[in-house]
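# Observations on the model geometry
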Amino acid sequence: MMPLSRKILAVSIAAATVWTASTAAAAPLPGTPPTTVTASESARTATVPAAPSTRRADHVVLLALDGFDVEYLDLVRDGDGSPGAAEMPNLRALLREGSVTTSSGVMTSITNPSWSSVATGAWPETHRNTAYWFDAASNTARGQQRDLAVPTIAQSVREQGGTVFSAQWFILQNYGVTFGDPDGLYTQPGGDCARRTDDVVSVLRGEPVSSNGELVRTTGIPDLITVYCDTLDAIGHAGGDADPRIPGALEDIDRQIGRIVAATKEAGVHEDTAFVVTGDHGMTTFDKGFAAEGLAAIEAAGFTPQVLTSGQTPAAGTDVAVVGGVADVRIIGERAGDRAAVRRLERALTALPQVRNVFDKADQRRLRMSPNYGDLVVEPEPGWSFGPTPATPAGRHGATTELRVPLVLAGAGVRPGAHPRGPRHVDVAPTISALLGYAPPSGSEGRVLREALSR
Ligand SMILES: [Zn+2]
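As a starting point, this report considers the structure included with it. (Residues numbered from 1 in each chain as written. Predicted model: local features only at pLDDT ≥ 70, side-chain atom pairs only at ≥ 80, totals over all residues. Heavy atoms only, no water.)

## Things to note about the pattern of salt bridges
This model, assessed by the stated rule, comprises 22 salt bridges. Each member of the salt-bridge network shares a partner with another, and the members are Arg-55, Asp-58 and Asp-223. (Salt bridge = Lys/Arg side-chain N within 4 Å of Asp/Glu carboxyl O.)

## Some remarks on helix α7 (residues 231-239)
Those residues of α7 lying buried are Leu-232, Asp-233, Ile-235 and Gly-236. One side of α7 holds all its buried residues, which, seen down the axis, span an arc of 165°. The elements touched by buried residues of α7 are α8 (246-266) and β19 (394-396). At the C-terminal side of α7, Gly-240 shows a positive phi close to 90°. (Buried < 20%, exposed > 50% of the residue type's maximum accessible area, 1.4 Å probe, protein only. Helix = DSSP H or I, 4+ residues; strand = E, 2+ residues; numbered from the N terminus. Arc of directions from axis to C-beta. Contact = heavy atoms within 4.5 Å.)

## Focus: unusual backbone geometry
Excluding glycine, residues mostly have negative phi values, and the peptide bonds linking residues are mostly trans. The omega torsion of the bond from Met-107 to Thr-108 falls at -5°, within 30 degrees of zero and hence cis. Mapping Thr-108 onto the fold places it in the loop between β2 (98-104) and α3 (111-120). The backbone phi angle of Gln-168 is positive, close to 65°, even though this residue is not glycine. You will see that Asn-174, though not glycine, has its phi angle at about 65°, which is positive. Examined against the element boundaries, Asn-174 turns out to sit in the loop between β5 (164-167) and β6 (184-187).

## A closer look at the environment of Val-307
As for its placement among the helices and strands, Val-307 is situated in strand β13 (residues 305-307). With a relative accessible area of 40%, Val-307 lands in the partly exposed category. Linking Val-307 and Asp-328, residues 21 residues apart in sequence, is a C-alpha distance of 9.9 Å. In this structure Val-307 touches Leu-295, Gln-312 and Val-322, once residues within four positions along its chain are discounted.

## A word on the packing of helix α6 (residues 193-204) against α8
Where α6 contacts α8, the two axes come as close as 9 Å, and the packing angle between them is 5°. Comparing the axis directions of α6 and α8 gives the class roughly parallel. Touching Cys-193, Ala-194, Thr-197, Asp-198, Val-200, Val-201 and Leu-204 of α6 are Asp-252, Gln-256, Arg-259, Ile-260, Ala-263 and Thr-264, all from α8. Taken together, the residues that form the contact of α6 with α8 break down as seven nonpolar, three polar and three charged. (Axes fitted to C-alpha atoms, helices over the stretch in contact; angles between N-to-C directions. Parallel < 35°, antiparallel > 145°, perpendicular 65-115°, else oblique. Nonpolar A, V, L, I, M, F, W, Y, C, P; charged D, E, K, R; others polar.)

## Here's the deal with the coordination of the zinc ion
Bound to the zinc ion on the protein side are Asp-233 (OD), Asp-233 (OD), His-237 (NE2) and His-397 (NE2), at distances that span 2.1 to 2.5 Å. Spacing between the donor residues of the zinc ion along the chain follows D-x3-H-x159-H. In this pair, Asp-233 is assigned in helix α7 and His-397 in the loop between β19 and β20 (404-411), connecting sequence segments 164 residues apart. Taken as a pair, Asp-233 and His-397 share a single burial class, namely buried. (Donors = N, O, S within 2.8 Å, 3.2 Å for Na, K, Ca; no water.)

## As for the side chain of Gln-145
Among the structural elements, Gln-145 can be located in the loop between β4 (140-142) and α5 (153-159). Judged by its relative accessible area of 12%, Gln-145 is buried. Not counting residues within four places of it along the chain, the set of residues in contact with Gln-145 comprises Asn-112, Asn-129, Thr-130 and Trp-133.

## Quick notes on the sheet that holds strand β16 (residues 355-359)
Pairing is mixed in the open sheet, where five strands are placed in the order β13-β14-β15-β17-β16. Lying at the two open borders of the sheet, with one neighbouring strand each, are β13 and β16. For this sheet, the mean inter-axis angle between neighbouring strands, taken without regard to orientation, is 20°. Summarising the sheet, strand β14 (residues 320-323) and strand β15 (residues 327-331) pair through four bridges and their orientation is antiparallel. Across the sheet, the residue bridging to Val-322 is Val-329, located in β15. (Pairing = 2+ DSSP bridges.)

See the structure below:
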């Protein structure tokens, strides 16, 4: 007989995979309006800390895995030793106390805007963190940054009297956690996932950790503990989503899950701790670039385009700025705001066989994207990038084809086997808040995944 753990994992993963397969063809977009929140869930009305009786977990551990594509779960086998498979016994043990489902991210599916939505519960149109875009105000192309227009869950928990620890989940740094603060401590130890997990284990043991060189002890075991690992993203970029090192990286992550769970048991808080594991974006492989064809099409439509990298200012005469592999395209100079020109540009780009979607401003609003993006956002077909052709196949994300990540909910306050319905990045912060008995972050637009929580 198949052990219960494996059965649960198999069922959960099957559900996630079926969801992926059945919706992939329809190119699901994240722009559906958020589920209406009740008054008590609404951050804008619920600024008073929730009553202690609503607390379901004393602690939440969030494992934030960069580039954790949902299809990597297909690599997790039932412990039958399949070649190329990843053994994840600690994840499987967690799932006995919860579930894994497919969570949907935000556009663009790039690291900082995506983690910003996980951390704030807000869509990019609200938190406004934007990646790889042309900033018309400063006449400069911009890469990634950490600007946020609304508070993170760390700020929210702190404001309500709670405590937070972040082992290198950088999106929280100086937004509720900082170096040297025992109530909201940030550590940036560098190193791999195991090194970052070392700090989580130390905090659970009540031992001090190095925070920018200073040894600091947190105030008790924090309400919210986060740890960030980027191994999967690094491997995915280097070799694509089928890189043979991915199963090994998953097994290493599983060892870190095991260490954290063991440390909660050692500290006597395991029964009161919920575990959340999720990613920011998925990963697909590309081996072809179409920068030359893309620029030629823009020129043929009567423009003078220029590809700009972060920090770059356009040359004199440039009237179309292009930034990023999922390209932000903006008409600049005297023709800025010319709607007929935008339509002509859109037609030229849509006609390219390498282009999957061209999102105009109306599409961007529907997708709840940052208003900082330009006239058009061009997403390539799978296998392509709006850039040069790489020497060997590489990984990409940023498009609607890399929106899906796993969401694991387990432990205190979570109903075993109860799968959240259609979870999204914006639902994670409200759900963690509900587990801890706090109001969600004030800019939050997601919902509490109540169906997956115990009453
Ligand atoms: Zn990445």
